[in-house]
Every structure is written in C-alpha cells, then in structure tokens.
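One-letter residues, chain by chain:
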2 protein chains.
Amino acid sequence: MTTDAATGGQPNLRADARRNRERVLEVAKRHFDLHGVSASLEEIAREAGVGAGTLYRHFPSREALVAATLHDRQAELLGLSQQVRQMPDADAALSRWLEALQTYLRTFNGLPDPVLAALKKEASPLSLSCETLGELTSEVLARAQREGSARNTVSANDLFLGAIAIAWVLNRAEACGTSAEKLNAIFAHGYQETERS
Amino acid sequence: MTTDAATGGQPNLRADARRNRERVLEVAKRHFDLHGVSASLEEIAREAGVGAGTLYRHFPSREALVAATLHDRQAELLGLSQQVRQMPDADAALSRWLEALQTYLRTFNGLPDPVLAALKKEASPLSLSCETLGELTSEVLARAQREGSARNTVSANDLFLGAIAIAWVLNRAEACGTSAEKLNAIFAHGYQETERS
DNA sequence: CTCAAAACGGAGACTATCTCCATTTGACTT
DNA sequence: AAGTCAAATGGAGATAGTCTCCGTTTTGAG
C-alpha cells in the first residue's frame, strides 16, 4: 500500500527503477515549484542523476510527470471534499470547495494550462483527477442550488472553468493590483450592484 | 500618414525594408490566427521569404510582432471606446466595453498570456495598449459606479484581469460545455443568489 | 552462479529561438 | 551613368529543449 504510492500503482518495479522514479519525482516537484510546470525536463533528469530515456520511460509525457507530482495534493483535496460534504451550510460549503480547488490549481505556476487541456482531451494522466473534481463540484453545487443559495443557471462546468481561469490569472499576476479574495468575490457576487432585475 | 501605419511609425524605411516588413506582418497575422500567438517565427520568416535575421530586425521579439499585427484591432477598439462613452446607460456601456475588450483579447489564441505579461513588465510593445485599455476601463467603470450600477468595491484592474482570465479560458475551452455569455454573466452577476446580505 | 528480462543512459534526430556579420541592395550625389 | 556608402539582407551557427532508439549494464529468480 505504501509502496503503491511510490510506484504510481505499478507493481513489481525493480529496486533501481523504484529508486530512480522516486528521485525524479522529488526533483521534479522542486523544479515545478520554482519554475512552473514548464520547467526543463532535461534539467530535472540531469539533477536527478538519470538519463533522459529513464525519465521518459517512467513519465512518458510532461503531463504524466506533473500528474505524479500532484499525487499528494490530490489526496488532500479529496480529503477536504469529505469535510465539505458534511458542512451544514451549503453556501459556505460551495465557497470552501471552490477556494480549495483554486489553491490546488495554483500548486504550480502554469498548472491551469495542462489541466484545461486534460479537460477536453479525455485521455490524459490529469484527466482522471479532472473528472473527479468535476463531479465533486457538481455535487456541492447541486446542494447549494437545492437550498437556494446558488443560481440555477450556473453549471458545475462554469464554476470549474471559472476557478481555472482565476487561478491562471492570479498565478501570473500576483501582486498586480488585485488578490485572490477580490477576484473570487466578484465571481461570487458579480461586479454589478444587485438591486437590479 | 498612410505609410505610417505600414511602417509602424518608423520613418524613412528603405523600399525593400518596407516591403519585407509588410509581407512578414501579413504572414504572421495568418499564422497567429491559425496556430495562436506561439506560432513558429522561423516558419513565418520562411513563408514570407525572408531570413530569420530580417524578421528579428523588424520585430525584435515575438511580442513586438504580435503588437504590430494587432494594430488594426486596437484602432477598432479605440473607436468603440468613443461610442461607449456616448451611450446613455452607464451600465450598458460597461457591459459593452467589457465585451469588446474580451473580443479583442480573443483575437488570437493565447493572446491573454503576453498581454498579462505586458501588464506587469512595464516595458513591452503591448504595454502601451494595455495602459490605454486600463484607463478606458477605469473611466467606464467610474461612470457606472457614480450611477450606482457597479459595486464600489470593484476596481478597473479587477475587471481587466477578469476579462483577461475569461478570454484565456474561453479561447482554450471553446465548446467545452460553456460559452462566453454564460461565463460573463456569472462574472457580472455572480454565481450566488442575490437575496443575501 | 547464471542468465534472461528489466532498466539504464546518452548519443542523435528534431524543432525552435535568436545573433552575428560578410554580402547585397537602394537611394543619394555628382 | 557611374560611384558611393549606409541600410538592409539572409543564413550559418550557437544555444536550448523534446523525445527516441538501442547497445550496455544491473537486478534478482532459479
């Protein structure tokens, strides 16, 4: 079970293989953190002390590597989804969930890009997580709508895309005259005054 | 004056230089249209029948080339800003303006990226247009706020960043279960029901 | 200890960005 | 019409990144 996380679900990995996979993952995490998801894979391989071939055998695409480094974060998020489910206030639950979703999407600079790509590609290492996240959002939104605290015209997809969009702009515009709180508030309440229609 | 547009304001360009500049611009427009702002410059140069050196002398960076291809669009947008200024309904004016801003930002796939970068870099071929656009947004917003149709907590910067974010996600998620109208409606009115607070 | 399968790594084929400078071209001057 | 020289050219080459292929090394089961 513990080894499952280390091997990415692949069983019977040879000792040297497991070791290398681990080191690559470790270095990748640090580089993505520092330089965003488009950090140089070449560099990551070099610093991990493996050849390019080894990196690509373990992680056939950048997306696969990104997905693997996000493993823990995804687990956290899934855990939080349970808490959210049990919150008494559907409105607060929705806000909390969207906030967490955004924090996740901001794990690495540039993450929204491949996530969005995965959302429509259907066959990507990241799309599994995408589907799950979409479903969870759907569930939390549905409850809020049932209780009348979210508009019925809004879909889970809209919220998900909105979260991705805001995460994207925030990551790239940090301290550019706005904040996560402000943009999210606008997304929640609108920029228009509410005494209309 | 007419030549000014063709030369990008640079006077006294030699005939061959002007010709080449023109052809690069033409080809670039088509390629950005087709493959987004990250289209291959090498390819553009090749198809325009000039060497890489020539392309880079006329347009020192990708941003410069993008900015040049947007010349006409920017003029249109500026023209529209005049119309918006004269609309009687401040609320409608703001909506109209934000819509136009977004249409502009969606001219090429991936345009929001360099625009956002220009917004904070201060010295970019695109930043002039950014500043102007920021000021115009500020003006239109201020009027709407004076007339009580826009929240006072919202800043022009927030709206601008929001427009960029939505333009970004829409360009990359076309037909992904949402539409420009829906996302913009949420940004305008919020996803929450309004009978609260 | 043996040896087949598993894993490795790095050379090499691509593609792209951007610079440099020997050569060519255009537009004045006479 | 010829001469001149700054302006403009283009493409070779430096650099950097992605990804594949395959001869060599390592592991671990028998």
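Here the structure is a predicted model, which means the values were calculated and not measured.

Procedures and definitions
Every chain is numbered independently, its residues counted from 1 as its sequence is written. All chains are assigned letters beginning at A, and all ligands numbers beginning at 1, according to the order in which they are written. With the structure being a predicted model, the display of local features is reserved for residues of pLDDT at least 70 and the display and counting of side-chain atom pairs for 80 or more, all residues being used for whole-chain, interface and lining totals. Water and hydrogen atoms play no part in the side-chain values, which are based on all heavy atoms of the structure. The copies were overlaid with a least-squares fit restricted to C-alpha atoms from residues scoring a pLDDT of at least 70 in each copy. Pairs of residues are marked as contacts when any of their non-hydrogen atoms sit within 4.5 Å. Buriedness for pockets is judged along seven lines, at least five of which must meet protein on both sides within 12 Å for an open set on the 1 Å grid over protein atoms alone, while cavities are sets there where a 1.4 Å probe fits but cannot get out, and lining residues have an atom within 4 Å of a point. Grid points are joined across faces, edges and corners, and a volume is the space filled by probe spheres set on the points. Comment: elements are numbered from the N terminus, with helices defined as DSSP H or I runs of at least four residues and strands as E runs of at least two. When residues are grouped by polarity, Ala, Val, Leu, Ile, Met, Phe, Trp, Tyr, Cys and Pro land in nonpolar, Asp, Glu, Lys and Arg in charged, and all others, Gly among them, in polar. All domain edges in this entry derive from an automatic or database-based domain assignment. Accessible-area loss on putting two parts together, using a 1.4 Å probe and summing over both, is the definition of buried area adopted here. By convention in these notes, a salt bridge is any Lys or Arg side-chain nitrogen within 4 Å of a carboxyl oxygen on Asp or Glu. Distance and chemistry together define a polar contact, namely a pair of N or O atoms within 3.5 Å, with one atom able to donate a hydrogen and the other to accept it when in protein, and with adjacent residues in sequence counting only for side-chain atoms on both sides. Throughout, the term near means that a residue has one or more heavy atoms lying within 4 Å of the molecule or strand in question. Under the scheme applied here, a residue whose accessible area is under 20% of the maximum for its type counts as buried, over 50% as exposed, and between as partly exposed, the area being computed with a 1.4 Å probe on protein chains only. The length a helix should cover is 1.5 Å for every residue beyond the first. Residues grouped as a nonpolar core are buried Ala, Val, Leu, Ile, Met, Phe, Trp, Tyr and Cys residues, joined through side-chain atoms within 4.5 Å.

Undergrad: Got a minute to help me understand the relation of the copies chain B and chain A in this structure?
TA: Both copies of the chain are related by a screw-like operation: a rotation about an axis and a shift along it. The two copies are related by a screw operation: chain B maps onto chain A through 180 degrees of rotation and 0.0 Å of translation along the axis, at an RMSD of 0.0 Å. Look at the turn and shift together and you get a two-fold axis relating the two. Considering only C-alpha atoms, the part of chain B nearest the rotation axis is G190 of chain B, at 2.0 Å. Taken as a fraction of all interface residues of chain B, those also at the interface in chain A reach 100%, which identifies the copy contact as same-surface.

Undergrad: How do you make sense of empty space enclosed by the protein when you look at a structure like this?
TA: By rolling a water-sized probe across the atoms, one finds the places where empty space is left. Applying the stated criterion across every chain, the model contains two cavities of 30 Å³ or more. Of the voids in this model, the largest cavity is the one considered here, and its volume is about 40 Å³. Every residue along the wall of the largest cavity is listed here: G162, A165, I166 and F187 of chain A together with G162, A165, I166 and F187 of chain B. Listed by contribution, the elements that provide at least two residues to the lining of the largest cavity are helix 10 (156-172) of chain A together with helix 10 (156-172) of chain B. Among the residues making up the lining of the largest cavity, the classes are represented as six nonpolar, two polar and no charged. Lining the second largest cavity, in full, are S81, R85, W97, L136, E139 and V140 of chain B. Going through the elements one at a time, helix 6 (71-85) and helix 9 (127-146) of chain B are the ones with two or more residues in the lining of the second largest cavity.

Undergrad: How do you make sense of the domain arrangement of chain A when you look at a structure like this?
TA: Interfaces are often sized by the amount of accessible area the parts lose when they come together. All names here are of chain A. Segmentation of chain A into domains returns domain 1 (2-66) and domain 2 (71-189). A straight line from the C-alpha centre of domain 1 to that of domain 2 covers 27 Å. With ten residues of domain 1 in contact, the opposing surface of domain 2 contributes 14 residues. A combined buried area of about 850 Å² lies between domain 1 and domain 2, and 65% of that area is made up of carbon and sulfur atoms. The largest contributions to the domain 1 side of the interface with domain 2 come from V37, E63 and V66, which together make up 59% of the buried area. The interface formed by domain 1 and domain 2 contains two salt bridges. A salt bridge links K29 to D72, with the shortest nitrogen-to-oxygen separation between them at 3.9 Å. The tally of links between domain 1 and domain 2 comes to two residue pairs in polar contact (both at pLDDT 80 or more). For the side of domain 1 that touches domain 2, the secondary-structure elements that each account for two or more residues are helix 2 (15-35) and helix 5 (62-69). When grouped by side-chain class, the residues that make up the side of domain 1 that touches domain 2 number five nonpolar, two polar and three charged.

Undergrad: Before we go on, may I ask you to explain the protein's contact with DNA strand C in this structure?
TA: Every one of the 24 residues lining DNA strand C counts as a neighbour, but R14, N20, T54 and R57 of chain A together with R62 of chain B are closest to it. In the environment of DNA strand C, a phosphate oxygen lies 2.6 Å from a nitrogen or oxygen atom belonging to the side chain of R57 of chain A. Here a phosphate oxygen of DNA strand C sits 3.3 Å away from a polar atom, N or O, in the main chain of E42 of chain B. Sorting elements by how many residues they give to the surface near DNA strand C places helix 4 (residues 52-58) of chain A first, with five residues. Taken together, the residues of the surface near DNA strand C sort by class into nine nonpolar, eight polar and seven charged.

Undergrad: What is the right way to read the pattern of salt bridges from this model?
TA: Here the idea is simple: oppositely charged side chains can pair when their charged atoms come close. Residues and elements named next belong to chain A. Following the criterion strictly, the structure yields 18 salt bridges over all chains and no others. Note that E63 is salt-bridged to K121, the shortest N-O span being 3.9 Å. Note that E63 is positioned in helix 5 and K121 in helix 8 (residues 112-121), a separation of 58 residues in sequence. On the basis of relative accessibility, which here comes to 13%, the residue E63 falls in the buried class.

Undergrad: Hey, could you run me through helix 10 of chain A in this one?
TA: Residue pairs three or four apart in sequence face the same way in an α-helix, which turns once every 3.6 residues. Helix length check: helix 10 of chain A, at 17 residues, gives a terminal C-alpha distance of 25 Å against a target of 24 Å (1.5 Å per residue), a fit within 8%. Among the 17 residues in helix 10 of chain A, 15 count as buried, and that is most of the element.

Undergrad: What is the right way to look at the interface of chain B and chain A in this model?
TA: At the interface, 44 residues of chain B touch 44 residues of chain A. Summed over the three residues of chain B that lose the most area to chain A, namely R151, W168 and Y191 of chain B, the buried surface amounts to 19% of that side. Linking chain B with chain A are four salt bridges. D113 of chain B is the salt-bridge partner of R172 of chain A, the closest N and O atoms lying 3.0 Å from each other. Our count for the chain B to chain A interface comes out at 28 residue pairs in polar contact (both at pLDDT 80 or more). Of the residues assigned to the side of chain B that touches chain A, the class counts are 20 nonpolar, 13 polar and eleven charged.

Undergrad: I tried to follow the nonpolar core on my own but got confused; where do I start?
TA: Within soluble globular proteins, side chains that are nonpolar generally end up buried alongside one another. Membership of the largest hydrophobic core comes to 132 residues, with the highest contact counts inside it found for W97 of chain A together with W97 of chain B. Setting aside residues up to four positions removed in sequence, W97 of chain B forms contacts with L77, L80, S81, V84, L133, L136, T137 and V140 of chain B.

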